[in-house]
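# Coordinate inspection notes
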Amino acid sequence: MNAANSADTRSAERSVAGPGARRRPIIEPFKIKVVEPIRLTTRQERTTYLEAAGYNVFKLRAEDVLIDLLTDSGTSAMSADQWAAVMRGDEAYAGSKSWYRFEAAVKDIFGFAHVIPTHQGRAAERILFSTVCRPGHVVPSNTHFDTTRANIEAAGAEAVDMPIPEGLVPSRVHPFKGNMDVAALEALIADVGADRIPICMLTVTNNTGGGQPVSMANIRAVSEVCHAHGIPFYLDACRFAENAWFIKEREEGFDHRSAREIAREMFSYADGCTMSAKKDALVNIGGFLATNDTSLARQEQNLLILTEGFPTYGGLAGRDLEAIAVGLEEVLREDYLTYRIASVRWLGRHLTEGGVPIVQPPGGHAVYLDAAAFLPHVPPLQLPGQSLVAELYVEGGVRGVEIGTVMFGHTDPDTGEEVPSRMELVRLAIPRRVYTESQIDYLVDVVLDVWDRREAIGGFRFVEQTPVLRHFTARFEPLYEMT
Ligand SMILES: *Cc1c(COP(=O)(O)O)cnc(C)c1O
């Protein structure tokens, strides 16, 4: 962030100057070595592209997008050290140097006995759930991510979300809105019985719930309840470093501890984790599964060999393992996390000042627009989040993603009627180390322009959809005249 326009954020941020010194702006803790041009398009061109894509931004060509906030997954800019590590990659089939470096880096932070590399997070999920879940099983979480839910359901089990009540009210401010409702978890265990719960998860940070952090107290409490009933407790660890940073900033007693120490404590309460390295390992592909259970690890490795690869590379090249090892070290640096969290908060603050309803407070990796409050005249089954996503693209070439009824709505098996999602959100995910502050300024402008003409915006309807993960491939049609 540059000095001119981040002045207003400084007072609320941790000072990076010494005691008694003037507060300095929080800046990007890197300089740019390689640039990738982005292409300006006209409104007319964008209207044409969007229509051809069936109004589904997943179907746009990325080169037709100016600011791509579809996801923070796999979109990080790698550092010079990571690229150097890529060149060091040892591509030996078994027991490569890169594997040992990767394994040591993961164990140093995560602490689990067994590490199983996979090509991305969902491969870890599929291996885990197809090993531990059976039909009739129930898997609780604060909120399951979409692929997590889909993999649990594919194994015949039921995925249950149990966020704290504050987590479901976008405007409610709570320091740890990603927390799980521990009383609801206890009630579920009493209701279905611990033997039908093969695993309990916490997603840190809670992506689907707004990128909101989970407190150490909540991690500890959920761990205690699980262990009292013999239920293995896992973290979906994709954004563990961002979560650790929120604990440092917001939770009593963690102020003087490093992000690495906090992360280690988080994992110390768990029996294993799934991880998408495409988030907080600062790489473009990769993931892993980890566990302390030796016999489970053996079963998982057998499945890994069947579909991903030999246990010392999983679905990855040696160079990928190297980049992850370096990324896991960089993501825990204080200057990086200070900048990362401050830049997302800065975007959230400017939208809030312009009157735009967002999930408060801003999360670690994204700002979530509250589409239901943004377009209160568009009913949930007319997909207000989809309208907002389409309008942001036409207005300024910005690509966000709907996290509402398109993604999580479903057909009631008894009535055959469409049931809307609990919240209608649009996620603006911020890739790590990619966009500068002036590009974020542009983004704020685009959102405010759509906000100004919100009353003229109507709803959408599906014209084509698939039964599973329909948001990726569906086609839509506006129910109003887009201008
Ligand atoms: C991205 C993500 C996953 C899945 O990881 P992929 O690498 O995309 O397969 C799982 N859980 C959460 C919380 C995620 O954000």
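If you're wondering where the values come from, they're calculated on a predicted model, not measured in any experiment. Here the residue numbering is sequential within each chain, running from 1 through the sequence in written order. For a predicted model such as this one, the threshold for reporting local features is a pLDDT of at least 70, and the threshold for listing and counting side-chain atom pairs is 80 or more; totals across whole chains, interfaces and linings nevertheless cover every residue. Side-chain numbers come from the whole structure's heavy atoms, not from hydrogens or water.

### With respect to the overall build of the protein chain
Elements are defined by DSSP. Helices are runs of H or I of four residues or more, strands are runs of E of two residues or more, and each kind is numbered from the N terminus. Looking only at helices and strands, the protein chain features 17 helices and 16 strands. Considering only C-alpha atoms, the protein chain reaches an extent of 65 × 60 × 45 Å along its principal axes. Accessible area is worked out with a 1.4 Å probe on protein chains only. A residue is then buried under 20% of its type maximum, exposed over 50%, and partly exposed in between. By residue count, 58% of the 483 residues in the protein chain fall in the buried class. Contacts were defined at the residue level, with two residues in contact if any of their heavy atoms lie within 4.5 Å. Pairs at least 24 apart in sequence give 72% of the contacts found in the protein chain among residues at least 6 apart. Surface accessibility of the protein chain: about 19,300 Å² in total, with carbon and sulfur atoms responsible for 53%. When charges are counted, Lys and Arg contribute as positive and Asp and Glu as negative, whereas His and the chain ends are disregarded. Working definition for charges: the position is that of NZ of Lys, CZ of Arg, CG of Asp or CD of Glu. Across the protein chain, 48 positive and 64 negative side-chain charges occur, with their mean positions spaced 5 Å apart. Using a 1.4 Å probe, accessible areas were evaluated by the Shrake-Rupley method; residue-level cover was limited to the displayed protein chains.

### What to know about the layout of surface pockets
Approximately 1,400 Å³ is the volume found for the largest pocket. Along its surface, the largest pocket is lined by 39 residues, and V34, A77, M78, R433 and V434 are the ones closest to its centre. Those elements giving two or more residues to the lining of the largest pocket turn out to be α3 (80–88) and α13 (334–353). Looking at the lining of the largest pocket residue by residue, the class counts come to 19 nonpolar, 7 polar and 13 charged. Grid points spaced at 1 Å and placed over the protein atoms alone form the basis of the search, with a cavity being a set where a 1.4 Å probe fits but cannot get out and a pocket an open set showing protein on both sides within 12 Å along at least five of seven lines. Lining residues have an atom within 4 Å of a point. Grid points are joined across faces, edges and corners, and a volume is the space filled by probe spheres set on the points. In this classification, Asp, Glu, Lys and Arg are treated as charged, Ala, Val, Leu, Ile, Met, Phe, Trp, Tyr, Cys and Pro as nonpolar, and every other residue, Gly included, as polar.

### Concerning the domain arrangement of the protein chain
When cut into domains, the protein chain gives domain 1 (3–74 + 333–478) and domain 2 (80–330). Annotation comment: domain bounds sourced from an automatic or database domain assignment. Relative to domain 2, the C-alpha centre of domain 1 lies at a distance of 25 Å. Taken together, the 35 residues of domain 1 in the interface contact 40 residues of domain 2. What gets called buried area is simply the loss in accessible area from a 1.4 Å probe that two parts show on being joined, summed for both. Summing both sides of the interface, domain 1 and domain 2 together bury roughly 3,300 Å²; the carbon and sulfur share of this comes to 54%. Here, a salt bridge means any Lys or Arg side-chain nitrogen found within 4 Å of an Asp or Glu carboxyl oxygen. One can count 8 salt bridges joining domain 1 with domain 2. Note that R345 is salt-bridged to E249, the shortest N-O span being 2.7 Å. Each polar contact in these results corresponds to two N or O atoms within 3.5 Å; when the atoms are within protein, one needs to be able to donate a hydrogen and the other to accept it, and residues that are neighboring in sequence are counted only if both atoms are side-chain atoms. On inspection of domain 1 and its partner domain 2, the count reaches 19 residue pairs in polar contact (both at pLDDT 80 or more). Every element with two or more residues in the side of domain 1 that touches domain 2 is listed here: α13, β9 (366–370), α16 (405–408) and β14 (425–429). Broken down by element, the residue count for the side of domain 1 that touches domain 2 peaks at 7 residues, all from α13. Each residue belonging to the side of domain 1 that touches domain 2 can be placed in one class, and the counts come to 15 nonpolar, 8 polar and 12 charged.

### Observations regarding the pattern of salt bridges
It is possible for side chains of opposite charge to pair when their charged atoms get near one another. Under the definition given, this model contains 28 salt bridges. The salt bridge partner of K107 is E103, with a shortest N-O separation of 3.2 Å. Highlighted residues: K107 and E103, both in helix α4 (residues 97–110), separated by 4 residues, approximately one helical turn. Judged by relative accessible area, which is 32%, K107 ranks as partly exposed.

### Describing the site of the ligand
Think of it this way: one heavy atom of a residue within 4 Å of a molecule or strand is enough to make that residue near it. Around the ligand there are 15 residues in total, and R122, D236, R239, S276 and K279 lie nearest to it. A distance of 2.8 Å is found between an oxygen atom of the ligand and a backbone nitrogen or oxygen belonging to G121. The side chain of N207 places a nitrogen or oxygen atom 3.0 Å from an oxygen atom of the ligand. Relative to its free-state accessible area of 380 Å², the ligand is covered by the protein chains to the extent of 98%. Top contributing element to the shell around the ligand by residue count: helix α5 (residues 121–132), with 3 residues. Class assignment for the residues of the shell around the ligand results in 2 nonpolar, 7 polar and 6 charged.

### Examining empty space enclosed by the protein
By the definition in use, this model includes 4 cavities of 30 Å³ or more. By volume, the largest cavity is sized at about 110 Å³. Along the walls of the largest cavity sit 15 residues, with Y339, S343, I430, Y435 and I440 positioned nearest its centre. Elements with a minimum of two residues in the lining of the largest cavity: α13 and α17 (437–452). Ranked by the residues each element gives to the lining of the largest cavity, the list is headed by α13, at 5 residues.

### A word on the pairing of strand β6 (residues 233–236)
In regular strands, side chains alternate between the two faces of the sheet. Where burial is concerned, the two faces of β6 agree: the one with F233 and L235 and the one with Y234 and D236 are both buried. Relative to β6, strand β5 (residues 200–203) runs parallel, the two sharing 4 bridges. From the neighbouring strand, C200 faces β6, where its bridge partner is F233. Tracing the backbone out of β5, into helix α8 (residues 216–228) and back to the parallel element β6 gives a crossover that is right-handed. Here the rule is simple: two strands pair whenever DSSP picks up at least two bridges between them. Note that β6 and strand β7 (residues 272–276) share 3 bridges and pair parallel. Whether a crossover is right-handed comes down to one check: with the strands pointing away from the viewer, does the path from the first strand over the helix to the second run clockwise; if it does, it is right-handed.

### Some words on the packing of aromatic side chains
Note on aromatic pairs: the rings of Phe, Tyr and Trp (six-membered ring only in Trp) are paired at centre separations within 6.5 Å, and the planes decide the class, stacked below 30 degrees, edge-to-face beyond 60, tilted for the rest. This structure, assessed with the given rule, holds 16 aromatic pairs. For the pair Y93 and F310, a centre-to-centre distance of 5.7 Å together with 45° between the ring planes defines the contact as tilted. Separated by 217 residues along the polypeptide, Y93 in the loop between α3 and α4 and F310 in the loop between α11 (294–307) and α12 (318–330) bring together distant segments of the chain. For Y93, a relative accessible area of 54% puts it in the exposed group. For F310, a relative accessible area of 30% corresponds to the partly exposed category. Members of the aromatic cluster, connected to one another through ring pairs, are W99, F102, F110, F112, F240, F267 and F288. The aromatic ring of F145 is capped on one face by K279, whose charged end is 5.4 Å from the ring centroid. Both a distance and an angle decide whether a charge sits over a ring: NZ of Lys or CZ of Arg must be within 6 Å of the ring centre and within 35 degrees of the ring normal. If you follow R454 out to its NZ or CZ, it ends over the ring of W451, 3.6 Å from the centre.

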